[in-house]
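Okay, here's what each chain looks like letter by letter:
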Amino acid sequence: MELKITKWIIILLIFIILLFYLKLIPFFSHKFYRNIKEIKNPNDIKVLVNKNNRLKPDYIPPNLVKLKVSYSQEDKYLRKEAVLALEELIKDSRKLGFHLVVVSAYRSYEYQKNLYQHYVKTKGIEYADHCSARPGHSEHQTGLSFDIMGSNKDYNLFEKSKEFEWMSANAYKYGFILRYPKGKEHITGFKYEPWHYRYVGKTTAEKIFFKNLSLEEYRKKYS
Ligand SMILES: [Zn+2]
């Protein structure tokens, strides 16, 4: 009997260690969407929007500029700084034979609200929170983020496109970071999204890239 209990305790311990190793425990600890703070500096280029930091419903970023038609699907807007950097990036990448197209950029609070509610209605709240952001918590409302696709014309499969590798190695040179990297899900609160980039400016992007940080880790460390 005693031996049996010991066996089960060992199995349980191994299971807990495994969960920690897989970084799943913080995910289950429900730190996200708790103690939510209202963002005070929404225009800051390094603004941190996530599941614990929220933008106001009426926040609209300054200087929203339309992206070149050939660089995006339909009308897509970003803040001027981000548009200038992104158009330079796409122009340079096309010279090398890559074909990057922006599929999503600035999204208003209302738009995000409808998108999130659509996921909740069709797939349930768990799925919605896993794949989307609640209104006010989406980085797309900053006008500094975009989703991109490559030659295989499916942003969901961006990782399999030839453009992915080039973006991974070069985006920081233009001031962009991969916002939701693999292995940082327990910090960012979002699943790995190879297609979602964020403008932070060249100096910050370089630091984040070479130190392999998430924006959350960078903000904690440097500001
Ligand atoms: Zn996105």
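Residues numbered from 1 in each chain as written. Predicted model: local features only at pLDDT ≥ 70, side-chain atom pairs only at ≥ 80, totals over all residues.

**Student:** What's the story with the overall build of the protein chain in this structure? I'm lost.
**Tutor:** A tally of helices and strands in the protein chain yields nine helices and eight strands. With the principal axes as the frame, the protein chain shows a C-alpha extent of 70 × 40 × 40 Å. By the burial criterion, 34% of the 223 residues in the protein chain qualify as buried. Pairs at least 24 residues apart make up 59% of the contacts formed inside the protein chain by residues separated by at least 6 positions. (Helix = DSSP H or I, 4+ residues; strand = E, 2+ residues; numbered from the N terminus. Buried ≥ 20, exposed ≤ 12 C-beta atoms within 10 Å, placed from the backbone. Contact = placed C-beta atoms within 7 Å.)

**Student:** Looking at this structure, how should I read unusual backbone geometry?
**Tutor:** Leave glycine aside and you will find that most residues have negative phi; peptide bonds, for their part, are mostly trans. You will see that Asn63, though not glycine, has its phi angle at about 55°, which is positive. Note on Asn63: 13 C-beta atoms within 10 Å, which makes it partly exposed. Although it is not a glycine, Lys153 sits at a positive phi angle of roughly 55°. Tracing the sequence through the fold places Lys153 in the loop between β6 (145-149) and α6 (162-170). On the neighbour-count criterion, Lys153 (12 C-beta atoms within 10 Å) is exposed.

**Student:** I keep staring at the domain arrangement of the protein chain and nothing clicks. Help me out?
**Tutor:** When the parts of a complex come together, some accessible area is lost, and that lost area is often taken as the interface size. Taken domain by domain, the protein chain comprises domain 1 (1-29) and domain 2 (31-222). Placing a centre on the C-alpha atoms of domain 1 and another on those of domain 2 gives a separation of 36 Å. (Domains from an automatic or database assignment.)

**Student:** How should I be thinking about the pairing of strand β8 (residues 196-199) in this particular structure?
**Tutor:** Residues in a regular strand point their side chains to alternate faces of the sheet. Both faces of β8 are covered, namely the face carrying His196 and Arg198 and the face carrying Tyr197 and Tyr199. Sheet topology places β6 next to β8; three bridges connect them, and they run antiparallel. Looking at β8, one finds that Phe146 is bridged to Tyr197. (Pairing = 2+ DSSP bridges.)

**Student:** Is there a simple way to think about the sheet that holds strand β5 (residues 101-104) in this case?
**Tutor:** Reading across the sheet, the four strands line up as β5-β6-β8-β7 and stay open at both edges, with antiparallel pairing between neighbours. Lying at the two open borders of the sheet, with one neighbouring strand each, are β5 and β7 (176-178). On average, each strand axis in the sheet is inclined to that of its neighbour by 45°, with strand direction left out of account. Inspection of the sheet shows β7 paired to β8 by three bridges, in the antiparallel sense. Across the sheet, residue Phe176 finds its bridge partner in β8, namely Tyr199. (Axes fitted to C-alpha atoms, helices over the stretch in contact; angles between N-to-C directions.)

**Student:** Even after reading the chapter, I still don't get the nonpolar core, so can you show me in this structure?
**Tutor:** A general feature of soluble globular proteins is that nonpolar side chains tend to end up buried together. Residues Leu78, Leu86, Ile148, Ala171, Phe176 and Ile177 are the most contacted members of the largest nonpolar core, which totals 35 residues. If you tally residues by element for this core, the top one is helix α3 (residues 80-95), at six residues. Residues within four places of Leu78 in sequence aside, it is in contact with Leu64, Val65, Leu67, Val83, Leu86, Ala105, Tyr106, Gly143, Leu144 and Phe146. (Core = buried A, V, L, I, M, F, W, Y, C linked by C-beta atoms within 7 Å.)

**Student:** Quick question: what am I supposed to make of the environment of Leu18 here?
**Tutor:** Note that Leu18 resides in helix α1 (residues 2-21). Residue class for Leu18 comes out exposed when judged on the 11 C-beta atoms lying within 10 Å of it. Along the chain, Leu18 and Tyr109 lie 91 residues apart, while their C-alpha atoms are 39 Å from each other.

**Student:** Just to check I follow, could you spell out helix α8 (residues 202-210) for this structure?
**Tutor:** Three or four residues apart is the spacing at which side chains of an α-helix point the same way, because the helix has 3.6 residues per turn. Taken as a whole, α8 has its buried residues at Thr204, Ala205 and Ile208. In a view along the axis of α8, the buried residues occupy a sector of 100°, so they form one face of it. Turned more than 90 degrees away from the buried face of α8, the exposed residues are Thr203 and Phe210. Residues of α8 that are buried sit in contact with β7 and α9 (215-222). Downstream of α8 by one or two residues, Asn212 has phi in the positive range, about 55°. (Arc of directions from axis to C-beta.)

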